[in-house]
Structures are given as structure tokens and as C-alpha cells.
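Topology and contacts: notes
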Amino acid sequence: MRVKARMTAIWRSARTGGQRVAGVTRRATHAHGAGRSGLGSLIEACAVNSAGDALVTVALAGTIFFGLDVAQARGQVALYLLVTMAPFALIAPLIGPALDRMRSARRVAIAGTFLARGLLCWGMAGAVDHGDQITFLPAAFGTLVLSKAFGVLRSAITPRVLPDQITLVTANARLSFAGLITAAIIAPLGAGLGVLIGPDWVLRIATLIFFSGAIIGMRLPKRVETPEAVVPPENRPEQAGGPAKEQGPGRWRTLLRVGPVVSEAMQANAALRALSGFLILYLAFLLRGKSFDPVSPNVALGLLAAAAGIGGLVGTALGAGMKARAPQLIVFGTLGFATLVTAAGAALFGLWAALGVAFVAAFGQSLGKLSLDAVVQQEIGEEVRSSTFAVSESLHQLVWVLGGLAGLGMSIIADGRVALAVVAGALGLSLVTLLSRSRWVRRRAPLPQQSA
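Note that the structure is a prediction, hence the values are computed from the model and not measured.

About the cut-offs
- Residues numbered from 1 in each chain as written.
- Predicted model: local features only at pLDDT ≥ 70, side-chain atom pairs only at ≥ 80, totals over all residues.
- Heavy atoms only, no water.
- Helix = DSSP H or I, 4+ residues; strand = E, 2+ residues; numbered from the N terminus.
- Buried < 20%, exposed > 50% of the residue type's maximum accessible area, 1.4 Å probe, protein only.
- Contact = heavy atoms within 4.5 Å.
- Areas by Shrake-Rupley, 256 points an atom, 1.4 Å probe, with all protein chains shown as cover.
- Expected span 1.5 Å × (residues − 1).
- Axes fitted to C-alpha atoms, helices over the stretch in contact; angles between N-to-C directions.
- Parallel < 35°, antiparallel > 145°, perpendicular 65-115°, else oblique.
- Left-handed = near helix turned anticlockwise from the far one by under 90°.
- Salt bridge = Lys/Arg side-chain N within 4 Å of Asp/Glu carboxyl O.
- Core = buried A, V, L, I, M, F, W, Y, C linked by side-chain atoms within 4.5 Å.
- Phe/Tyr/Trp six-rings, centres within 6.5 Å; stacked < 30°, edge-to-face > 60°.
- pLDDT = per-residue confidence, 0-100.
- Patch = residues over 30% accessible without salt bridge, like charges linked within 9 Å, V, L, I, M, F, W, Y side chains within 5 Å.

**Looking at the overall build of the chain**
- For the chain, the count of helices and strands is 16 helices and zero strands.
- Of all 452 residues assigned to the chain, the portion counted as buried reaches 52%.
- Excluding contacts between residues fewer than 6 apart, the proportion of contacts in the chain whose partners are at least 24 apart in sequence is 85%.
- Accessible surface, the chain as shown: approximately 21100 Å² in total, 67% of it carbon and sulfur.

**Focus on helix H9 (residues 199-218)**
- In this model, H9 (20 residues) spans 29 Å end to end at C-alpha, consistent with the 28 Å of a helix rising 1.5 Å per residue.
- Those residues of H9 lying buried are Asp200, Val202, Leu203, Arg204, Ala206, Thr207, Ile209, Phe210, Gly213, Ala214, Ile216 and Gly217.

**Looking at the packing of helix H8 (residues 168-197) against helix H14 (residues 351-379)**
- Look at H8 against H14: their axes get within 9 Å of each other, and the N-to-C directions meet at 140°. Our classification of the angle between H8 and H14 gives oblique. Pair H8 / H14 crosses with right-handed handedness. On the side of H8, the interface is formed by Leu168, Val169, Asn172, Ala173, Ser176 and Leu180, while H14 contributes Ser366, Leu370, Asp373, Ala374, Gln377 and Gln378.

**Describing the pattern of salt bridges**
- Going through the model one piece at a time under the given rule, you end up with three salt bridges.
- Residue Asp200 pairs with Arg204 through a salt bridge whose shortest N-O separation is 3.3 Å. Residue Asp200 and its partner Arg204 are located together in helix H9, separated by four residues, close to a single helical turn. Assigned by exposure class, Asp200 and Arg204 land together as buried.
- If you follow the salt bridges from partner to partner, you end up with Asp129, Asp200 and Arg204 in one network.

**Brief notes about the environment of Phe141**
- Looking at the secondary structure, you find Phe141 in helix H7 (residues 133-157).
- Phe141 sits in the buried class, given a relative accessible area of 17%.
- The spacing of Phe141 and Leu120 is 21 residues in sequence and 9.6 Å in space, taken between C-alpha atoms.

**Looking at the nonpolar core**
- Counting residues in hydrophobic clusters, the biggest one holds 43 residues, and the most contacted among them are Leu39, Val56 and Met124.
- Of all the secondary structure elements, the ones that give two or more residues to this core are helix H3 (39-64), helix H6 (106-130), H7, H8 and H9.
- Counting 39 residues, the second-largest nonpolar core is a separate cluster that includes Leu287, Ala307, Val360 and Leu427.

**Notes on the packing of aromatic side chains**
- One pass over the structure, following the stated rule, counts five aromatic pairs.
- Here the aromatic rings of Phe359 and Phe363 are separated by 6.4 Å at their centres, their planes lie at 10°, and the arrangement is stacked. Remark: Phe363 and Phe359 occur in helix H14; sequence separation between them is four residues, near one turn of the helix.
- According to the relative accessible area criterion, Phe363 is buried, its value standing at 10%.

**Here we look at the side chain of Lys369**
- Among the secondary structure elements, Lys369 is positioned in helix H14.
- When neighbours within four sequence positions are excluded, Lys369 is seen to be in contact with Arg154, Ser155, Asn269, Arg273 and Glu393.

**Structural notes on the confidence of the model for the chain**
- Per-residue confidence for the chain gives a mean pLDDT of 75; residues scoring 70 or more make up 71%.
- Here residues 17-22 is a poorly scored stretch, pLDDT under 50, and it has zero contacts once near neighbours within four places are set aside; other chains count.
- Counted against residues more than four places away or in other chains, residues 447-452, with its pLDDT under 50, gives zero contacts.

**Quick notes on a nonpolar patch on the surface**
- Residues Phe177, Ile181, Ile185 and Leu189 make up a contiguous nonpolar surface patch of about 350 Å² in total accessible area.
- When you line up the elements, Phe177 lands in helix H8.

**Side note on the packing of H6 against H9**
- Here H6 crosses H9 at 170°, and the two axes come no closer than 8 Å. In terms of orientation, H6 and H9 fall into the roughly antiparallel class.

**A look at the environment of Thr334**
- Mapping Thr334 onto the fold places it in helix H13 (residues 327-347).
- Judged by its relative accessible area of 4%, Thr334 falls in the buried class.
- Between the C-alpha atoms of Thr334 and Gly364, which are 30 residues apart in sequence, the distance is 5.7 Å.

**Things to note about H6**
- Along its 25 residues, H6 runs 36 Å from first to last C-alpha, staying within 8% of the 36 Å computed at 1.5 Å per residue.
- Immediately beyond the C-terminal end of H6, within one or two residues, lies Gly131, with a positive phi of roughly 60°.

**Some remarks on the environment of Ser276**
- Looking at where Ser276 falls in the secondary structure, it is placed in helix H11 (residues 260-289).
- Taking C-alpha positions, Ser276 is 9.4 Å from Ala308, a pair spaced 32 residues apart along the chain.
- Setting aside chain neighbours within four positions, we find Ser276 in contact with Ala361, Gln365 and Trp400.

Now the structure itself:
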């Protein structure tokens, strides 16, 4: 009887604590009018999306990275990048126009990305049980495509659920912050569950999480499915390089003429993405294969993951606080900061320098993505906004893969000082090139007409 009473008391305490946490979380996500506008529901959907993606990532890492020796893991990771990620660069441009044509069914599209990923995770779990690579890799590719499709939809509908009290950059920061916090909580839990019950059951849990996301997606307000009202001229951002909006009905030439502001932000953000892909894989294999006394390789990998996670959170929090009056300048500033820190890491290479560079890479990717999203949301008309986001994701996915493959190769032939020096040089060259082109565009931009 005493045991039963104790279990009952524990259950009641856990339920009460869970209800309090849920209440605090809901008040935070629905603050400043977000509950009335629908932004709160979109934040919850992003949190569920990140929770499911975190479990998938943990399960894949346990299957193709930690479960093999360094040489085998390197080959498996390269295969995974080529088979599941690189093809997304070819498919993403097709996703955008399809989503542009589904503006009247966006809730169904969002719910569909969750539902389909749940089914694919169930299939991957069975493939892991039977060692079936033929099923596993295409299913992993499908989850990646659908995850990016959700990201494109999320970015496209954010202006439709924006409360009057907050800006686009703040809304983007809230969405990203919710995802990062959720991933930071779920990823360690998933890693522990992977050790206890295996990656296949982690994928089955992800199935349930994605199914719950489908329900949240259908609960989004109907306003996300209606055409966006025209933004008044006084609320539009400054056109640094000339008008970027073009209201053509989803034509590919519109995507090729996004304007200098969007184009420069995309290119700078691509450099930050390439840095992130390079450092994640290079440092992961470097820390796994090399001992940094007195820290063991596993502890070093844990510190690397923590540094990257904290960097992403700090970048998101800073993006929310900066209000981003000129988001394209924030992207350039972030790229310059990442270049300087990477160069310093090359000169002072060691465990702490590696962690510092990982922190800055995640910080730069988060802050750069927030600023880029704000630029696209403000500069590009809704008729082709999903297409623009899809092309942007295609570019960034491709450069992340290229950076990751470069990191895999450099982990074989170069030590930390040489690798980071090469990366710092590449980042510096990218920054100088972009700044030169930006000045060139501004010099040739037509001067505003002076009123008589």
C-alpha cells in the first residue's frame, strides 16, 4: 500500500509539474498578441518539428557515426551526404513553385509534412532492425526533403500571423528559439534513449511526435491560407540596391531577379552555411580521432555539441533583440566576425579554440538565417515567396554539403591549424568579394528622382 501511495504521489507531482511547465510555455509562446494572431500555434509547430528532427538526427548519428570506427564512419557519412542531402539541391526548386500554388491549402501542406515524416520514421526504424540500406537511405532523404519543405512553409506564412506588437525578425527569432530550445532538451534525451532502447525505438518515438505535429498544423488559423495584403510603402524596408520585388505569377525569371539586397544576403549566408558544414564534420572527426588531454574524445564531442548549441541560442537571442533595421548589414557583419574568429582559432588552435570556432559558426548561421529570412519576407512578394525560400534552401543545402565533404577530406590530411587557416582565408575572400560587388551595385544604382 505504501508503494502504491508513493507512486500515486509521484504521478500527481509529475502531472502538476508538467501542467505548470506547459502553462508557462504557452504564456511565453502566446505573448505580445502571438496567441491571437496565430504565431503562438506556429511556434508550437516549430518546437514539435525540431523535437522530431532532433530524434531523427540522434538516431542517424548512432547508426552511421558512433556505431563504426573512424574510417568506416567517414565513408558512411560521405555516402549519407551524397545520397540523402545533395539531391535535395535539385528537388528544392521544384518544392517552392508547388507550395506557391498551395497557398489556399497551407495548413494541409504543413500537416502533410509532419504525417509523411512520421510514416518515414516508422519505415526507417524497420530498416535499422534489418540493416536494410536500400530502404533506410531513401527514407532518410524523404525526411530531409519534408523537413526543408516545412521550413519553407513556415518562413512563407510568418508574415500572415505577425502580431502588430513585434517585427518580422523578432517573430523569426521566436520561431528559431523555440526550435533550438526544444532540440537542446530532446537531443540528449534521445541520445540516452538510443543507448537504452536502440535507435530504432528512437525513430518510433519520433513517429509519434510527428503525428502530434500534424494535429498542430491543422490548428493554425485560416488566415495563413489567404493571399497576403499589400504592405504599405511606409512599412517596407529601404531598397539599398533598387527595387527587389517583382510581382510576376511565379516565373523562374523572378527568382533570378530577386534584387541586390536579397542576392547579397543569400551569398553571405551561404558562406556561413559552408563554414557550419565544414566545422561540424571536420571537428567531429578530429575530436573523435585525436585526444586533447585531459579530456577524452567522447567528452570533447559533447563539449563541441554544447558549444554549437549555445552558439545557436545566442545568435537567435541576439537577432531577436537587434530588431534588424538593416538585416543585410547584419549578415555581412556576422560573416566578418566569423572570419576573424576562425583566423584566431587557427593561430591558437587547441580544444578551446575549436570550441570557440564551433560556437561562432553556429552563432553566425543562426543570426545570418534570421536576417536573411527577414530580407526575403520583406523584399519578395507572396506570389513567389515560397519559391524564393526554396531556392535559398537549395543553395544553402548544397554549400553545407560541399562544406561537409571538404571537412571530411581535410580531417584526413590536415591538422587543425592548417584547416582553420584555409577556411579563414576562404571566408575572408568571400567577404571582400561581396563587399566589392555591393559597392559596385550601389555606385550604379539609379539616384532617386528629386521632386521639384
